[in-house]
Amino acid sequence: MNPAIRQTVALARRSINSTFRFPQAWFPSLFFPLVLMAIFTASFGRSVSFIPGFPHVDGFLSFAVTGAIVQGVLISAVGAGAFFAGDIEGGFFDRLASSPASRSAILVSRLCASVVLAAGQATFFLLIAVIFGATVQGGVVGALIVIVLAALLAIPIGGLGVLLALRTGSAEAVQGMFPLFFALMFFSSTFFPRETMTGWFKIVADINPISHLVEGMRVQVIHGVDWQAAGTSLAIILVLGVLTVGGSAINLRRRLEGDS
Amino acid sequence: MTDAIVVEGLVREFKGGILAVDGIDLHVRAGEVYGFLGPNGAGKSTTVRMLTTLLRPTGGRATVAGFDVVHDAASVRRAIGVALQDAAIDPFMTGRELLRLQAVLHAIPRQEGHARAEELLERVGLTDAADRRVGTYSGGMRRRLDLALALVHEPVVLFLDEPTTGLDPTSRVALWEEVRRLNRESGTTVFLTTQYLEEADQLAGRVGIIDGGKIVAEGTPTELKTSVGDPTLMITPADPSRVGDTAEVLAQFGPAADGKPGAVAVRLAAGAEGIVQVVRALDEADIATAAIDLHQPTLDDVFVIKTGHRLEGDASAAPGSGRRRGRGSKVGR
């Protein structure tokens with residue numbers, strides 16, 4: 001096997017293993033979205049059909065599950081950034097940098113690990129939702145689209161986490177960015193449809209790319225397979241990915257040259 | 001290749017004009033253990049980071065194993081083993097996993113990497129702890145693992161940045177033994193930084209003393225010690241009233257030195273061998289002695305004379321400092 005690919009696989013495996021061995025790293029990304037999903041579902045249940053403008057759904061859970069997935073991916077991507085920053089702080093990064101390992105393997109392996117973890121998370125949330133009575137209108141194909149999009153979403157979000165890690169070199173600083181991510185999610189249609197929003201809140205949610213991203217995933221669950229919507233989500237992921245992964249690569253190079 | 005490390009006018013300036021390394025020159029011969037001695041903040045780690053390609057020099061040049069650290073960094077990385085300060089290891093991985101991963105980073109074939117991991121675990125005495133997470137290891141075990149990790153690819157030059165800082169005396173001696181063995185059996189060149197005088201004295205064939213980003217002295221421990229002067233002999237006469245007579249006798253052997261009250265000290269111009277004549281002269285003058293202390297100059301003395309201050313951290317943390325006085329060997333009573 002090509003050494004760079006072998007190094008990427010080995011380092012990605014190491015990131016996944018170490019994440020699982022540190023419950024604080026994965027537990028919040030599963031627990032908090034589940035709690036939020038449970039609370040919203042218990043509060044609104046089937047009454048959403050009486051809310052003016054709310055899209056037709058067979059229950060709030062079907063509506064909420066994609067929001068939970070995106071939230072979970074966001075939380076674990078912040079975790080990935082903090083993990084990467086921990087490697088810088090603890091010196092593991094220096095171990096990689098002083099070895100002849102491929103430079104791109106350092107970045108790509110971290111993103112690969114996030115992709116695998118996100119796919120697992122999305123599958124987990126969908127399963128839970130289905131067990132508790134949600135229906136995926138898009139069927140197996142719809143579910144697969146959601147899982148693939150969630151996995152790919154880990155690239156731009158993970159890239160942002162790594163970018164912050166490379167710039168600050170501090171796990172705490174990366175974790176400190178978490179409320180910002182959360183705000184970005186709340187001012188979007190992650191938890192409620194834009195149709196129910198009014199005023200400035202709606203304007204913010206309308207321009208927030210997260211809204212369109214989540215909607216492209218959600219429609220697969222509440223209406224059925226929609227390739228055009230999936231394409232919109234994919235385009236948003238690609239644009240964000242180019243920005244954050246590109247930024248990470250530039251900052252990685254800068255740090256490897258010891259200029260930061 | 002006769003020089004494993006060549007450094008010429010190496011400079012590292014940080015933002016704000018801070019000169020961490022201020023134009024140093026070094027030649028480390030292949031197969032040598034070179035001790036880089038200096039207090040915290042002297043520029044030791046900055047130098048190591050530049051030599052291990054982790055930091056770009058802002059001036060001068062350096063080659064390691066014949067490769068330029070800036071223009072041929074990839075070749076340098078293949079040739080070196082690095083154990084940096086604080087044993088940089090992922091606490092959630094096991095010792096065996098880390099060794100295997102390190103082998104992958106060096107593109108060692110799978111089978112060979114696994115065999116090498118087992119061999120190194122055995123060598124540093126971690127076979128029993130191999131499947132435990134590194135987070136549960138003691139400080140000494142982490143350092144031993146760190147050393148093993150640096151050896152996975154059988155490097156030509158090994159960099160050890162303060163390998164024993166924070167270790168208990170037993171672990172420290174064990175690590176020293178391992179470094180000596182490595183140098184003896186594999187001929188690996190070792191570049192070792194330390195803030196412990198005893199460590200440099202024990203391990204290094206040659207020592208460079210760095211202070212304030214500049215090398216202030218360099219040589220074998222013996223050369224350095226000899227350079228600061230002759231050994232000091234201190235005689236305590238059994239009869240305190242004969243201090244004056246003792247001083248008179250001793251005056252012919254060299255200039256007077258500072259001694260304890262009730263004792264007379266002299267710098268032995270003839271070196272330690274001169275002690276026989278001194279004892280004979282005292283006997284002829286009929287002066288009975290309560291104690292005879294011979295104090296050989298230590299690297300500590302070298303450090304004080306070359307830099308004008310003592311080595312920070314050494315007095316409090318190193319077991320060596322306690323033994324410093326003891327090394328001036330006592331001869332008779």
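Residues numbered from 1 in each chain as written. Chains lettered and ligands numbered in written order. Predicted model: local features only at pLDDT ≥ 70, side-chain atom pairs only at ≥ 80, totals over all residues.

As for the packing of helix 3 (residues 60-90) of chain A against helix 6 (residues 139-168) of chain A
All names here are of chain A.
Okay, so step 1: Running from N to C, helix 3 and helix 6 point in directions that differ by 35°, and their axes come no closer than 8 Å. Helix 3 and helix 6 meet at a crossing whose hand is right-handed. Where helix 3 approaches helix 6, its residues Thr66, Ile69, Val70, Val73, Leu74, Ala77, Val78, Ala80, Gly81, Phe84, Ala85 and Ile88 are matched on the opposing element by Val146, Ala150, Leu153, Ala154, Ile157, Gly158, Gly161, Val162, Leu164, Ala165 and Thr168.
Okay, so step 2: Classifying every residue of the contact of helix 3 with helix 6 by side-chain character gives 18 nonpolar, five polar and no charged. (Axes fitted to C-alpha atoms, helices over the stretch in contact; angles between N-to-C directions. Helix = DSSP H or I, 4+ residues; strand = E, 2+ residues; numbered from the N terminus. Left-handed = near helix turned anticlockwise from the far one by under 90°. Contact = placed C-beta atoms within 7 Å. Nonpolar A, V, L, I, M, F, W, Y, C, P; charged D, E, K, R; others polar.)

Overview of the interface of chain B and chain A
It is common to give the size of an interface as the accessible area that goes away when the parts come together.
Okay, so step 1: With 22 residues of chain B at the contact, the number on the chain A side is 22 residues.
Okay, so step 2: Listed by contribution, the elements that provide at least two residues to the side of chain B that touches chain A are helix 2 (73-79) and helix 3 (95-105) of chain B.
Okay, so step 3: For the side of chain B that touches chain A, the residue count by class is 13 nonpolar, three polar and six charged.

Thoughts on the packing of helix 5 (residues 139-151) of chain B against helix 6 (residues 169-186) of chain B
Residue and element names in this part refer to chain B.
Okay, so step 1: As a packed pair, helix 5 and helix 6 sit with axes 10 Å apart at the nearest point and diverge in direction by 15°. Compared by their axis directions, helix 5 and helix 6 come out roughly parallel. Crossing handedness for the pair helix 5 and helix 6: right-handed. Contacts between helix 5 and helix 6 involve Gly139, Gly140, Arg143, Arg144 and Leu147 from the first element and Ser171, Ala174, Leu175 and Glu178 from the second. (Parallel < 35°, antiparallel > 145°, perpendicular 65-115°, else oblique.)

Focus: the domain arrangement of chain B
Okay, so step 1: Each assigned domain of chain B is listed here: domain 1 (3-225) and domain 2 (230-296).
Okay, so step 2: Centre-to-centre separation of domain 1 of chain B and domain 2 of chain B, based on C-alpha positions: 45 Å. (Domains from an automatic or database assignment.)

Remarks on the sheet that holds strand 1 (residues 3-14) of chain B
Residues and elements named next belong to chain B.
Okay, so step 1: What the four strands build is an open sheet, ordered 2-1-4-5; its pairing is antiparallel. Looking at strand neighbours, the two that pair on one side only are strand 2 (18-29) and strand 5 (67-68), the edges of this open sheet.
Okay, so step 2: Bridging between strand 4 (residues 59-64) and strand 5 involves two bridges; their strand directions are antiparallel. Each residue of the ladder has a partner; that of Val64, found in strand 5, is Phe67. (Pairing = 2+ DSSP bridges.)

Points about the sheet that holds strand 13 (residues 264-267) of chain B
Residues and elements named next belong to chain B.
Okay, so step 1: Read from one edge of the open sheet, four strands run 12-13-11-14, paired in antiparallel fashion. Each end of this open sheet is capped by a strand with a single partner; those strands are strand 12 (256-257) and strand 14 (289-295).
Okay, so step 2: As paired strands, strand 11 (residues 232-237) and strand 14 are joined by six bridges and run antiparallel to one another. Following the sheet pairing, Met234 is matched in strand 14 by Asp293.
Okay, so step 3: Sheet strands in contact with helix 9 (residues 243-250) are strand 11 and strand 13, and its direction is about 10° off that of strand 13.

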